[in-house]
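An overview of the molecular structure
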Amino acid sequence: MIVLKFGGTSVANAENIEKVIPIIIDRAKDKKVAVVVSALSGVTDLLLLAAKLASGKQSMYLTTFEDIRRKHLDVIDALINPSNKTAVTENIEKELALLKTLLDGCFLLGELSPRTSDAIAGFGEWLSSQIIAVALYQKYPDSAFKDSRELIQTDDSFGKARVNFDQTNQRIRDFFATNENKIILLPGFIASSSNGHTTTLGRGGSDYTAAILAAGVHAAQLEIWTDVSGMFTAHPKLVKQARPIEIISYQEAMELSHFGAKVLFAPTIQPVLLQQIPTYIKNTFEPHEPGTLITNTPPLSTSAIKGISHIENIALLTLEGSGIVGVSGTSKRLFEVLHRQGINVIFITQASSEHSICIGIQSADAERAKMAVDQEFDKEIQLQSMDEALVENNLCIVAAVGENMKNHQGISGQMFSALGKNNVNIRAIAQGASERNISVVIHQRDVKKALNTLHERFFEDQNKQLNLFVMGVGNVGEKFIEQIHKQRKFLKETFKINVRIMGMANSKTMIFDEDGLSLSHWKEHLANGEPSSLAGFIERIQQLNVRNSTFVDNTANEVVAASYASLLSKSIAVVTCNKIACASGYDNYRSLKDLSRKYNAPFLFETNVGAGLPIIDTLKNLVASGDNVHQIQAVLSGSLNFIFNHFSPDYSFHDAVREAGVQGFTEPDPKIDLSGVDVARKILILIRESGFHIEMEDIENVSFLPQACLETTSNEAFFASLEAHAAHFEAILQQAKEQNARIKYVAEFNQGKAKVGLQMIPSDHPFYNLEGKDNIVLFYTDRYVQQPLIIKGAGAGADVTASGIFADIVRIGNY
């Protein structure tokens, strides 16, 4: 014999019940079947609401009652054949009349006793089971209905009655031994006391009914049918990558269900655990899915963690003070006072110093618990040997569960490290001696991020999901988005990095999507986005609060650069081609680097120097390996190199600058490039990354621009000034021709001094043959003395800059 249980969503309405009946009939092909059903979805809540309204003397209970009545009559209309409909309707109407009588009594008396509450709450299963039994009989005549109250006997603890298993098991055995029907359908949740009053089995009561029946008849297996395909590695609505667990032990299932896995209530599987009856969690709407098997002998798993679960709406109550230390009986008094208040303790931890005891309880109980505890320890509080109980709300418990955890070292370290890197603060920690679970208390706002972080760490084959927020979608930003769109699949398959752009913004609009923006038509979506602001963009990033958040700055905006500190302090990584932050005051540069380390938030700016060339990364590796940089020579402006390579007697300086802008090689304000400020920023960053303390004003900038050009206030005026001073630039070109040299804008660092300016490069110099927009850097170090380390390649352009940003994203993925 097997026992099936169908939950509220499975029997929510006529359509769903039509799916349930074929499953029952299929299971009865070669074995006897007992079927337990819940109330129609939402009915139990409606019943309790009606009772509350009635006892509060609110006539709205009649409207709620009518909703309950209509819900059941609609199911009868849809399921029951015309020949049976009248009899079934009359029977249900009679039961509904009894329900209304109870509600009317509550209204008249203005009270709701526990006994009456149980009687009212039990109507949901009682009504649904009678309707479903007739619907099943119409298609399978060898079926019958049995009232669970005639089998399951309890005490009279109304609301959560305790089962008398001796009496119950005997009744179950006697009934099924004599009943010859192939299928027996029973209501879940309800039972009866020894004097015949209706009682209920508490939370998860229908599951409990099924487990009691399965244990009573020594069933071959128990099947719990719900709306998900088994127990999942995490809550599937919060963790998109969560997957069903194929096989799990009873102990693991109880741990997961205790910590919030909704498909099962921990105490309900106790009867089948004792009998070692295999239990399946199945999906009514995907009946061919394997679901989850709960068994006493699961195969040995290579994974340490079986699942991650959580309980929301938790409060921490902390009792501390010197009066606790070494005083026996303090814990006993604490738990006794909570017991007297009927408050369930979910989580316990105590400092080894015995200076404090911390417990986790439901937030709804927090105020009552504090009052009771403060009253119990009032004498100690008055003597100041103990503080008043401290309550912290808006918390949740996250638990990693696995039978095999005890055989794997470092699980807690991996768990805490993953959470820490994502700025999830742990308020309390507990681990059982069985090493079957590790529980942490965190803030409620971090629960989704924490679950996804831990699921990624333990279940996703070391895949890492990066959630990008892109500020600036101009030349560089557009190319970057194109590269991400093109390479997403490659990154996931090759590097196990799953990249999603969750938000993007320009100066006018911004858009967000928690599931990742579609990159096929992002321009159209952005054009129709909400009004953009930097503060609003950052606020939304913090509100989304997702793991591995990365802010990508494709602007040259000083205000955007000033936001890096607040982002890093929230463990949000920053990738930027914006040089302003790293070229600002040394203290700010150092502070950003320190924040990056403190909050485990990468701060990467490879494209600050040389666009996509691996200049900064190479320099970092040199320094990290113990090498010392003594001298740097570099051509760091791809735009200036392009301009001077194209400047000729036949192609004016003005036209060369214009063309560099068209090609996307210059900054939006080309004066930044031509004034030498951009090159000075770049050499400043390289010097700082080499380990030297230097400020921008320490760099000598020998400008080749006439003062009038530098004093212009708009691009239009700047270009007009270039034309007006054409003779000045032609003289420079003539000087190079006379020396058989090429003009390069060179940055130098030597003996602690830095300088940028035009130089005439002779034909035997490495810079002489530098073409187009190329950059070149020569590092002279302890190891590279005679022959410098040379890095050379394209140093300007949207494509190569975007590829440098892309490379930094990959670095974060491997972080």
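Residues numbered from 1 in each chain as written. Predicted model: local features only at pLDDT ≥ 70, side-chain atom pairs only at ≥ 80, totals over all residues. Heavy atoms only, no water.

1. So, the overall build of the protein
Summing up its helical and strand segments, the protein has 30 helices and 30 strands in all. The C-alpha radius of gyration of the protein comes to 36 Å, more than 25% above the 28 Å expected for a compact globule of 815 residues. The C-alpha extent of the protein, read off along each of the three principal axes, is 115 × 70 × 55 Å. Out of the 815 residues belonging to the protein, those deemed buried represent 53%. (Helix = DSSP H or I, 4+ residues; strand = E, 2+ residues; numbered from the N terminus. Rg over C-alpha atoms; globule rule 2.2 N^0.38 Å. Buried < 20%, exposed > 50% of the residue type's maximum accessible area, 1.4 Å probe, protein only.)

2. A few points about the sheet that holds strand E16 (residues 428-431)
On the basis of which strands lie adjacent, the open sheet formed by 6 strands has the order E13-E14-E12-E15-E17-E16 and antiparallel pairing. The open sheet is flanked by strand E13 (347-350) and E16, the only strands paired with a single partner. Each neighbouring strand pair of the sheet contributes to a mean axis angle of 30°, computed without reference to strand direction. Pairing of E16 with strand E17 (residues 437-443) involves 4 bridges; the strand directions are antiparallel. (Pairing = 2+ DSSP bridges. Axes fitted to C-alpha atoms, helices over the stretch in contact; angles between N-to-C directions.)

3. Here's the deal with the sheet that holds strand E29 (residues 774-781)
Read across the open sheet, the 6 strands follow the order E26-E28-E27-E25-E29-E30; overall the sheet is mixed. Single-partner strands in this sheet number two, and they are strand E26 (699-702) and strand E30 (789-794). When the angles between neighbouring strand axes are averaged without regard to direction, this sheet yields 20°. Of the pairings in the sheet, the one linking E26 to strand E28 (residues 753-761) comprises 4 bridges and is parallel in character. Note that in E28 the partner of Ile-699 across the bridge is Ala-754. Contacts from helix H23 (residues 638-646) reach strand E25 (629-635), strand E27 (742-750), E28 and E29, with the element oriented near 150° to E27. In the packing of helix H29 (residues 726-738) onto the sheet, contacts are made with E27 and E28, and the angle to E28 comes to roughly 75°. (Contact = heavy atoms within 4.5 Å.)

4. A look at the pairing of E25
Buried residues dominate E25, accounting for 6 of its 7 residues. Across 6 bridges, E25 lies against E29 in antiparallel orientation. Bridged to Val-629 within E29 is Thr-781.

5. A look at the pattern of salt bridges
Tallied over the full model, the rule gives 38 salt bridges. Residues Arg-590 and Asp-594 are paired through a salt bridge, measuring 3.6 Å at the closest nitrogen-oxygen approach. Pair noted here: Arg-590 and Asp-594 are both in helix H21 (residues 586-598), with a separation of 4 residues, about one helical turn. Judged by its relative accessible area of 36%, Asp-594 is partly exposed. A single salt-bridge network, built from bridges that share partners, covers Asp-26, Arg-27, Lys-29 and Glu-223. (Salt bridge = Lys/Arg side-chain N within 4 Å of Asp/Glu carboxyl O.)

6. Re the packing of aromatic side chains
What describes a pair of aromatic rings is the distance from one ring centre to the other and the angle between the planes of the rings. Throughout the structure, instances matching the rule amount to 20 aromatic pairs. Taken together, a centroid distance of 6.3 Å and an interplanar angle of 65° make the contact between Phe-537 and Phe-551 edge-to-face. Placement of Phe-537 in helix H18 (residues 534-544) and of Phe-551 in strand E22 (residues 549-553) is noted, with a sequence separation of 14 residues between them. Note on accessibility: Phe-537 and Phe-551 belong to one class, buried. Ring plane angle 85° and centroid distance 6.0 Å describe the contact between Phe-653 and Phe-704, whose orientation is recorded as edge-to-face. (Phe/Tyr/Trp six-rings, centres within 6.5 Å; stacked < 30°, edge-to-face > 60°.)

7. A closer look at H18
Turning to H18, its buried residues number three or more, namely Gly-536, Phe-537, Ile-538, Ile-541 and Leu-544. For H18, the secondary structure elements touched by its buried residues are strand E18 (464-471), strand E19 (497-505), strand E20 (509-512), E22 and helix H20 (564-568). Residue Asn-545 follows H18 closely and has a positive phi angle near 50°.

8. What to know about the packing of helix H2 (residues 43-55) against helix H3 (residues 61-79)
Close contact between H2 and H3 brings their axes to 8 Å; oriented N to C, the two are set at 155°. Considered as vectors, H2 and H3 are oriented roughly antiparallel to each other. Of the two elements, H2 crosses H3, and the hand of that crossing is left-handed. Across from Val-43, Leu-46, Leu-47, Leu-49, Ala-50, Leu-53 and Ala-54 in H2, the residues of H3 making contact are Tyr-61, Thr-64, Ile-68, Lys-71 and His-72. (Parallel < 35°, antiparallel > 145°, perpendicular 65-115°, else oblique. Left-handed = near helix turned anticlockwise from the far one by under 90°.)

9. Description of the packing of H23 against helix H24 (residues 653-662)
Two elements in contact, H23 and H24, have axes whose closest approach is 9 Å; the angle formed by their N-to-C orientations is 140°. In terms of axis orientation, H23 runs oblique to H24. The two elements H23 and H24 cross, and the hand of that crossing is right-handed. Contacts between H23 and H24 involve Phe-642, Ile-643, Phe-644 and His-646 from the first element and Phe-653, Ala-656, Val-657, Glu-659 and Ala-660 from the second. Among the residues making up the contact of H23 with H24, the classes are represented as 7 nonpolar, 1 polar and 1 charged. (Nonpolar A, V, L, I, M, F, W, Y, C, P; charged D, E, K, R; others polar.)

10. What to know about helix H8 (residues 205-216)
For H8, with 12 residues, the first-to-last C-alpha span of 16 Å sits near the 16 Å given by 1.5 Å per residue. Of all 12 residues that make up H8, 12 are buried, and the element is covered over most of its length. Where H8 is concerned, the buried positions are Gly-205, Ser-206, Asp-207, Tyr-208, Thr-209, Ala-210, Ala-211, Ile-212, Leu-213, Ala-214, Ala-215 and Gly-216. Looking at the residues trailing H8, positive phi occurs at His-218, about 55°. (Expected span 1.5 Å × (residues − 1).)

11. With respect to the environment of Met-696
Within the fold, Met-696 resides in the loop between helix H26 (677-689) and E26. The spatial distance from the C-alpha of Met-696 to the C-alpha of Ala-351 is 51 Å, given a sequence separation of 345 residues. If we ignore the near neighbours within four places in the chain, the residues touching Met-696 are Val-677, Ala-680, Arg-681 and Leu-684.

12. Thoughts on the environment of Tyr-280
Within the element layout of this structure, Tyr-280 appears in strand E10 (residues 279-283). Residues Tyr-280 and Ser-331, 51 residues apart in the sequence, show an inter-C-alpha distance of 39 Å. When sequence neighbours within four positions are dropped, the list of residues in contact with Tyr-280 reads Gln-221, Leu-222, Glu-223, Ile-224, Pro-290, Thr-292 and Leu-293.

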